[in-house]
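Residue strings, one per chain:
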Amino acid sequence: MTACLCGSGKPLDACCGPLIAGQPAPTAEALMRSRYTAYATGNIAYVGATHAPEAAADFDEAASTEMSRKVKWKGLTIEATEAGGPDDETGTVTFAARFSMQGQESVHREISTFRKVDGRWLYVDGEVNPTVAPRRVEKIGRNDPCPCGSGKKYKKCCAA
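All values reported here derive from a predicted model rather than from experimental measurement. (Residues numbered from 1 in each chain as written. Predicted model: local features only at pLDDT ≥ 70, side-chain atom pairs only at ≥ 80, totals over all residues. Heavy atoms only, no water.)

**Observations regarding helix α2 (residues 28–41)**
Consideration 1: Here α2 contains 14 residues, and its C-alpha end-to-end distance of 20 Å stays within 8% of the 20 Å for a straight helix at 1.5 Å per residue.
Consideration 2: Here α2 lies mainly inside the structure; 11 of its 14 residues are buried.
Consideration 3: Along α2, the positions that sit buried rather than exposed are A28, A30, L31, M32, R33, S34, R35, Y36, T37, A38 and Y39.
Consideration 4: G42, located one to two residues past α2, shows a positive phi value of around 80 degrees. (Helix = DSSP H or I, 4+ residues; strand = E, 2+ residues; numbered from the N terminus. Expected span 1.5 Å × (residues − 1). Buried < 20%, exposed > 50% of the residue type's maximum accessible area, 1.4 Å probe, protein only.)

Put into structure tokens, the structure is as follows:
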């Protein structure tokens, strides 16, 4: 029993294997996971077949095949999903794919957009290495109410 490369913890035959063999993905995330597995195993034809019509023209199968041969995929982390469920028509998946190429460790981050076409999830486009809003840190004054909810002043509670 081979574990699926997408990191789901399931066996390949119960996860991405059936999708790569032609079964429709039930969710946008499942399609994302199967596309990662296809890249990792060199099944670039599947990756091309899962592009939406408007994205297919920009897909270079030869370049993707060449890249797939040079890259050692190290793991996939799904960071967030928005919609993309069985009853949705569109969805987004934010992911990080770790890999090494020529001894250099790297991470490919992307927010991918998916759409159902004739009942099948397809990849539409993606924002590579998206910028994230800077973290907002609120300064708590010594005499402000403590954020823990105790009702005491911060200096007499959690700051003590």
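**Considering the layout of surface pockets**
Consideration 1: Roughly 370 Å³ of volume is contained in the largest pocket.
Consideration 2: As for the largest pocket, its lining consists of 18 residues, of which R35, Y39, F95, H108 and E110 are closest to the centre.
Consideration 3: Of all the secondary structure elements, the ones that give two or more residues to the lining of the largest pocket are α2, β2 (90–101), β3 (104–117) and β4 (120–128).
Consideration 4: Residue contributions to the lining of the largest pocket peak at four residues, all from α2.
Consideration 5: When the residues that make up the lining of the largest pocket are grouped by side-chain class, the tally is 12 nonpolar, three polar and three charged.
Consideration 6: Put simply, the second largest pocket is a space of about 190 Å³.
Consideration 7: Looking at the second largest pocket, the residues that line it are S8, K10, A14, C15, C16, P18, L19, Q23, P26, E29, A30 and R33.
Consideration 8: Those elements that provide at least two residues to the lining of the second largest pocket are α1 (17–20) and α2.
Consideration 9: Here the lining of the second largest pocket takes three residues from α2, the largest share from any one element. (1 Å grid on protein atoms, 1.4 Å probe; cavity = no way out; pocket = protein on both sides within 12 Å on 5 of 7 lines; lining within 4 Å. Points joined across faces, edges and corners; volume = space filled by probe spheres on them. Nonpolar A, V, L, I, M, F, W, Y, C, P; charged D, E, K, R; others polar.)

Note that every value here comes from positions in space, so none of it alone points to a role or purpose.
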